[in-house]
Amino acid sequence: MKFNTKNFDLTQLPNSENEKFEFKSSRTDDNELRKKIGCAASGFANSGGGYFIAGIDKDGNADGGISLKVGKKNRQQDRRDWVDQIINSLDPRPEYEIHFMTDCMDRGNIDEGKAVLLICIDSSNIAPHMAPDHCYYIRAGAHTVKASHFILEAIRAKRYFTKPKLQHLLRLHPNKPGTIQLGVISVTGSVALNVQISIQPVPKLCEEKLFPIQIALIDQDNPCFLDLALYSNIDIVSDLNTSIKITYCDLSGNNYEYEATEIFKNSLPPMILGKENLEEIAKSLKSIDKKLESLKLIEKKLERFLPQKN
């Protein structure tokens, strides 16, 4: 769910609460409202996002609005700061926006000096989010309820699979027999951005100046493949010790790193012999046969000088 509070007004509210909207009346005192905001922020962040609106009745109409200041006159706090403190006490903090609506748009009434508070909680890739009361919540229809242990485990599993996760693979080029390709692929549905691929030492088929390779995006529809080496030219000493390092980030700017060593050692694909190599193979086999015949002749000559067995 992607939120946009700039053009939001009361006419866009449904006539009742649902899985994406929670309403709170202007008559809710600040202590109770604090608890409700903390629980709702956890619930929406863990359930795909949603809107918490304070200062309206159960039908989505403004019923006076809430004050823009919190606390006693000599120690008043700005309402926005007050909401920021509540949501920032979630662990981890979800993405959110705050908006105050002072125009009732013919839906109820808003008293002077007051407003309807709109808090938009975005869907999260780092759920579950713990509320300030150290409990986890989800949205169940029009209600915010505590999440069961089973639900929490499911949310955590989803958190793993929504992170971008890249890994390498080696394969033979589909159109160039004997050429090994390095692939960098995504194993989850998330997009990896600003991908940097480094290889040490660089195989002979590649040029040093090619690395590190910079790629803007890799996902399941857009993998990266490059020719890395010729099967026949793999150097046992250097190439089999080749390592790879991949760095990238997600849509939220979180950084990730993938490393693997000796990428050829246990990953070489089976060599496929094409028709164009058959003549060379036949020549090699004939050469081997000639050498074997020569060895047999030498062996017979040597037998003359060996002592005879009794």
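Since the model is a prediction, treat every value here as computed from it, not as a measurement. (Residues numbered from 1 in each chain as written. Predicted model: local features only at pLDDT ≥ 70, side-chain atom pairs only at ≥ 80, totals over all residues. Heavy atoms only, no water.)

What follows concerns the overall build of the protein chain. Scanning the protein chain from N- to C-terminus turns up four helices and 18 strands. Burial analysis of the protein chain (310 residues in total) assigns 39% to the buried set. Excluding contacts between residues fewer than 6 apart, the proportion of contacts in the protein chain whose partners are at least 24 apart in sequence is 67%. Looking at the protein chain as shown, the accessible area adds up to about 18800 Å², and 51% of this sits on carbon and sulfur atoms. (Helix = DSSP H or I, 4+ residues; strand = E, 2+ residues; numbered from the N terminus. Buried < 20%, exposed > 50% of the residue type's maximum accessible area, 1.4 Å probe, protein only. Contact = heavy atoms within 4.5 Å. Areas by Shrake-Rupley, 256 points an atom, 1.4 Å probe, with all protein chains shown as cover.)

A few words now on the sheet that holds strand E17 (residues 243–249). Judged by pairing direction, the sheet is antiparallel, and its four strands sit side by side in the order E15-E14-E17-E18 without closing on themselves. A single partner strand is all that each edge strand has here, and the edge strands are strand E15 (213–218) and strand E18 (255–260). With direction set aside, neighbouring strand axes in the sheet form an average angle of 20°. Summarising the sheet, strand E14 (residues 192–200) and E15 pair through five bridges and their orientation is antiparallel. Bridge pairing links Leu-193 to Leu-217 in E15. (Pairing = 2+ DSSP bridges. Axes fitted to C-alpha atoms, helices over the stretch in contact; angles between N-to-C directions.)

On to helix H1 (residues 30–45). Within an α-helix, residues lying three or four positions from one another point in the same direction, as the helix has 3.6 residues per turn. Across its 16 residues, H1 extends 22 Å between first and last C-alpha, which sits within 8% of the 22 Å expected from 1.5 Å per residue. Within the span of H1, buried status applies to Leu-33, Ile-37, Gly-38, Cys-39, Ala-40, Ala-41, Ser-42, Gly-43, Phe-44 and Ala-45. If you check the start of H1, you find a side-chain oxygen 3.0 Å away from the backbone N of Asn-31, and it comes from Asp-29. (Expected span 1.5 Å × (residues − 1). Polar contact = N/O pair within 3.5 Å; in protein donor to acceptor, adjacent residues only side chain to side chain.)

Axis separation between H1 and helix H2 (residues 79–88) bottoms out at 9 Å; the angle between their running directions is 50°. Taken together, the axis directions place H1 and H2 in an arrangement best described as oblique. In terms of crossing hand, the pair formed by H1 and H2 is right-handed. Residues Asp-30, Leu-33, Arg-34, Ile-37 and Gly-38 of H1 lie in contact with H2, whose contacting residues are Arg-79, Trp-82, Val-83, Ile-86 and Ile-87. Of the residues contributing to the contact of H1 with H2, the split by class is six nonpolar, one polar and three charged. (Parallel < 35°, antiparallel > 145°, perpendicular 65-115°, else oblique. Left-handed = near helix turned anticlockwise from the far one by under 90°. Nonpolar A, V, L, I, M, F, W, Y, C, P; charged D, E, K, R; others polar.)

Before going further, it helps to spend a moment on H2. Within the span of H2, buried status applies to Arg-79, Trp-82, Val-83, Ile-86 and Ile-87. When H2 is viewed along its axis, its buried side chains cluster within an angular range of 125° and face the same direction. On the buried face of H2, the contacting elements are H1, strand E4 (66–67), strand E5 (69–70), strand E6 (77–78), strand E7 (96–101) and strand E9 (114–121). Capping the start of H2, Asp-78 holds a side-chain oxygen 3.0 Å from the backbone nitrogen of Arg-80, two or three residues further along. (Arc of directions from axis to C-beta.)

Time to look at unusual backbone geometry. Negative phi values dominate among residues other than glycine, just as trans dominates among peptide bonds. A cis amide bond links Asp-91 with the next residue in sequence, Pro-92, at an omega value of -10°. In this fold, Pro-92 is placed in the loop between H2 and E7. For Asn-194, which is not a glycine, the phi torsion comes out positive at approximately 50°. Structurally, Asn-194 can be placed in strand E14. Looking at Asn-194, the relative accessible area reads 53%, which means it is exposed. Positive phi outside glycine occurs at Glu-262, with the angle close to 50°. Residue class for Glu-262 comes out partly exposed when judged on its relative accessible area of 31%.

Under the definition given, this model contains three aromatic pairs. An angle of 10° between the planes, with centres 4.9 Å apart, marks the rings of Phe-21 and Tyr-51 as stacked. Taken together, the residues Phe-21 in strand E1 (residues 21–24) and Tyr-51 in strand E2 (residues 50–54) connect sequence positions 30 residues apart. A relative accessible area of 10% places Tyr-51 in the buried class. When the ring of Tyr-248 is compared with that of Tyr-256, the centres are 5.5 Å apart and the planes differ by 15°; the resulting orientation is stacked. Grouping aromatic residues by their ring pairs yields a cluster made of Phe-8, Phe-21 and Tyr-51. (Phe/Tyr/Trp six-rings, centres within 6.5 Å; stacked < 30°, edge-to-face > 60°.)

Here strand E13 (residues 179–186) lies mainly inside the structure; eight of its eight residues are buried. Alternating residues of E13 divide into Thr-179, Gln-181, Gly-183 and Ile-185 and Ile-180, Leu-182, Val-184 and Ser-186, and every residue in both groups is buried. Relative to E13, strand E12 (residues 166–172) is paired through seven bridges, and the arrangement is antiparallel. Note on E13: the bridge partner recorded for Leu-169 is Gly-183. Here E12 folds back onto E13, and the loop between the two strands holds six residues, one of which, Gly-178, carries a positive phi near 90°. Bridging between E13 and strand E16 (residues 224–230) involves six bridges; their strand directions are antiparallel. Bridged to Ile-180 within E16 is Ala-229.

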